[in-house]
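If you want the building blocks of each chain, they are given just below.
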Amino acid sequence: MQYISVTGDGLLYLFKCISLYNGSSFYLLLYVLLLIYIALKGSREWKRIFLYPSIVLLFTVYNPFFPLIIDRIFDINKEYYRFLWITPIYALLPAAAVVYITKERKSVGRMIAVFAGVLLIFAGLGSFTYANGYQPRQNAYKIPDEVIAVSRMIRNNTDMKFPVAIMDRDMHMEIRQYDPSILLACDRTQYLDFLGDAYEDALTAEKNEYVNRLLSVVAKYEEIDEDSFKEALDKTNTQFVVVEKTSPSIRYLTDCGLSYVGTTGTRVILKYDLKEPQYLDLADYSAIWEEQF
Amino acid sequence: MLTAIGCVAAVVFNILIYFILGSMITGRLKERRFSGTLSVITGFFLYYILFDIVCIPITLLYRPLHLLAYIWAGILIALIIISFILNFKKWRVFFTETAAFVKEHLPFVVFLGAFILIVSVVIIYCYQFTLDAAYYVGTASTSLFTDSIKIYDPYTGMWQDHFEMRYFFNNYAVNDAVMCYLTGLHPLIWTKTVMEAVVIILSFTVLYRLGRALFKEDLLKTGIFIFFSMFLCFFYSTIYTSSEFFITRTYEGKTILGSVVLPLILLVYIKLLEDHRDSFCWLLLLLVSLGSIVLSNSSGMLFPAALFVFMLPLFLIKRDPLILVKSAAVSLPCLISVVIYILYVKGYFVLYTMPR
């Protein structure tokens, strides 16, 4: 929940959170209607199972003051929605459907008709996960084939055991899942904060100075001073830059002296000749282990 | 093809391990009939608790992942043998009864089996891109490749000066790395196929138990309940719902919180409404609490909150103060993990990845 905050939205935070959480689904509304029905006409058992915990939920998780209190202990801006998972929508709605459908148990035909009707209502009140299309995986690794291709190209064009790279956002997030021998110049949070123009205090800005220069070019297509960019590549030991074929930065990167390594379906891989390449290796713990025993 | 066979074998292996470990507890319950589904659920949490107990000291000693893998494999073999000796007779009766159950309720079993298979295929064969996979799968890949435990940053691969306490007890992804080491499967295949299938099966298991508890063992109603519950999952989709996590981020520990742990707390609550002194229910809650910490750091706040939501009405209904005492006791591990994290964030302590 990047766009709302407890401090910024105050008591409205919860309502905005619920709204984002439910999107265009009406299951929460149906849940509340079912609770009202249970309160008026439900059995003692169903009141105990669903109604009473929901009342507690109303006074805690669904209380607009609750996020304000929790936020004092730790930052829950991005994660408060997980408290909404406690709401047993996943149980009450299907359970109500079962009761409604099996009322017609004596006639199979009617039962099927009611079943189909409830199915349609459920479908109509929600939004289908694959509404925008079902994208089948391309391989057993469940990553785009391009990730594998980029990894191979980098490996075939370096003498480093652990080459460092900077890539476009999606490739950046997936490459190390497949090939952890490729190191990345910046971590996920740095990348996303940079893209989201998150506030950086002076200390963080100083720490991220070189990475921010790299991201300015790779992620925001800015054309910064060439020497400044090359300095950032050298300081971060970044040998490879991977950008989308459509990136306006390609020309700039070649002007900076980066050479083409190859292309995949939608990516271009470029290499920079580091002034003083650092050949990174794994930390050696053998001396510590010997000391321990 | 070989990978597919390996994946199926790994899924069966996981479920069997949970069953075997769980039997060590469920097989000792004298007042209760032995239950396969309950053994799998119990065993799942017991598995991760034991794994964490083994993993944390090895992490603090900066020892390599392969050592953890060998020790863990040895422990599992020992536990399998012990459980076999303790439960063999019970299992024989259980499998005979299960065969009879299958024969008697064949349409239900076929429906459930086919439904699990369809949901699994739909989810597993879909491409899933999430930013968080960079951590979850990245941790498994990095740990396996560097033969270390949490010493390298999964996002960048760079050496870390200190352990990130947010994930220190959360060793679900380290277990993925260990299993990859032992099976030879790539972390992407292990997490995004094997563990996805395991989580789907576990989620169905809890829904099955929930259906039976809600509808007094009526299998037709339970079947319809499971169907609609899963149907709802596919239609309750914004990037925040637990349903969406279940479908698009199945391999993440927090998905297990939303799709297994929270429905399980509801199930235990229903059981406690029948008998609030049922010691197994409280033991199960304790296991879930401890196990949740290993699965996701979100459990620190989510488990106690969920428990409070259900246990307060139980206390008001039963008017037994022991309910509050027991609830506080089972929540304690989660709360302690939160306190440790807060102390770390406030700068009270740091655990370095190399002695100083």
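Scroll up a little and you will see the structure.
Here's a quick rundown of the structure. (Residues numbered from 1 in each chain as written. Chains lettered and ligands numbered in written order. Predicted model: local features only at pLDDT ≥ 70, side-chain atom pairs only at ≥ 80, totals over all residues. Heavy atoms only, no water.)

**Observations regarding the overall build of chain A**
- From N to C terminus, chain A includes 16 helices and five strands.
- Relative to the compact-globule value of 19 Å for 293 residues, chain A shows a C-alpha radius of gyration of 27 Å, a clear excess of over 25%.
- C-alpha extents for chain A along the principal axes are approximately 80 × 55 × 50 Å.
- For chain A, buried positions account for 51% of its 293 residues.
- Of the contacts formed within chain A by residues at least 6 apart in sequence, a portion of 60% connects residues at least 24 apart. (Helix = DSSP H or I, 4+ residues; strand = E, 2+ residues; numbered from the N terminus. Rg over C-alpha atoms; globule rule 2.2 N^0.38 Å. Buried < 20%, exposed > 50% of the residue type's maximum accessible area, 1.4 Å probe, protein only. Contact = heavy atoms within 4.5 Å.)

**Some remarks on the nonpolar core**
- Among the nonpolar cores identified, the biggest contains 169 residues, and A:Phe50, A:Ile86, B:Tyr18, B:Phe45, B:Leu68, B:Phe225 and B:Met311 are the most heavily contacted of them.
- With 16 residues, the top contributor of residues to this core is helix α7 (residues 187-214) of chain B.
- Here A:Ile86 is in contact with A:Leu57, A:Val61, B:Leu262, B:Leu302, B:Ala305, B:Ala306, B:Val309 and B:Phe310, once residues within four sequence places are set aside. (Core = buried A, V, L, I, M, F, W, Y, C linked by side-chain atoms within 4.5 Å.)

**Thoughts on the layout of surface pockets**
All names here are of chain B.
- As a volume, the second largest pocket reaches approximately 1300 Å³.
- In terms of lining residues, the second largest pocket is bounded by 33 residues, among which Gly36, Thr37, Phe94, Thr98 and Tyr208 are the most central.
- Among the elements that make up the lining of the second largest pocket, the one with the highest residue count is α7 (seven residues).
- For the lining of the second largest pocket, the residue count by class is 20 nonpolar, six polar and seven charged. (1 Å grid on protein atoms, 1.4 Å probe; cavity = no way out; pocket = protein on both sides within 12 Å on 5 of 7 lines; lining within 4 Å. Points joined across faces, edges and corners; volume = space filled by probe spheres on them. Nonpolar A, V, L, I, M, F, W, Y, C, P; charged D, E, K, R; others polar.)

**Observations concerning a negative patch on the surface**
- A contiguous patch of negative charge on the surface is contributed by A:Glu223, A:Asp225, A:Glu226, A:Asp227 and A:Asp255.
- Mapped onto the secondary structure, A:Asp225 falls in the loop between α13 (209-218) and α14 (226-235). (Patch = residues over 30% accessible without salt bridge, like charges linked within 9 Å, V, L, I, M, F, W, Y side chains within 5 Å. Areas by Shrake-Rupley, 256 points an atom, 1.4 Å probe, with all protein chains shown as cover. Salt bridge = Lys/Arg side-chain N within 4 Å of Asp/Glu carboxyl O. Lys, Arg positive; Asp, Glu negative; His and termini not counted. Charge placed at Lys NZ, Arg CZ, Asp CG, Glu CD.)

**Topic: the interface of chain B and chain A**
- At the interface, 90 residues of chain B touch 85 residues of chain A.
- Summed over both partners, the interface of chain B with chain A comes to about 8200 Å²; 69% of that surface belongs to carbon and sulfur atoms.
- Residue A:Glu45 pairs with B:Lys216 through a salt bridge whose shortest N-O separation is 2.6 Å.
- Here chain B is connected to chain A by 38 residue pairs in polar contact (both at pLDDT 80 or more).
- At the level of secondary structure, the elements contributing two or more residues to the side of chain B that touches chain A comprise α4 (106-124), α5 (133-146), α7, α8 (219-235), α9 (242-248), α10 (253-274), α12 (299-318) and α13 (321-345) of chain B.
- Broken down by element, the residue count for the side of chain B that touches chain A peaks at 12 residues, all from α8(B).
- For the side of chain B that touches chain A, a count of residues per class yields 61 nonpolar, 18 polar and 11 charged. (Buried area = accessible area lost by both parts, 1.4 Å probe. Polar contact = N/O pair within 3.5 Å; in protein donor to acceptor, adjacent residues only side chain to side chain.)

**So, the packing of aromatic side chains**
- Scanning all chains against the criterion turns up 56 aromatic pairs over all chains.
- Note on B:Phe44 and B:Tyr48: the rings are 5.1 Å apart at their centroids and 65° apart in plane angle, and the pair reads as edge-to-face. Taken together, the residues span about one helical turn, with B:Phe44 and B:Tyr48 both in helix α2 (residues 36-60) at a distance of four residues.
- Between the NZ or CZ atom of A:Lys220 and the centre of the ring of A:Phe194, over which it lies, the distance is 4.5 Å. (Phe/Tyr/Trp six-rings, centres within 6.5 Å; stacked < 30°, edge-to-face > 60°. Lys NZ or Arg CZ within 6 Å of the ring centre and 35° of its normal.)

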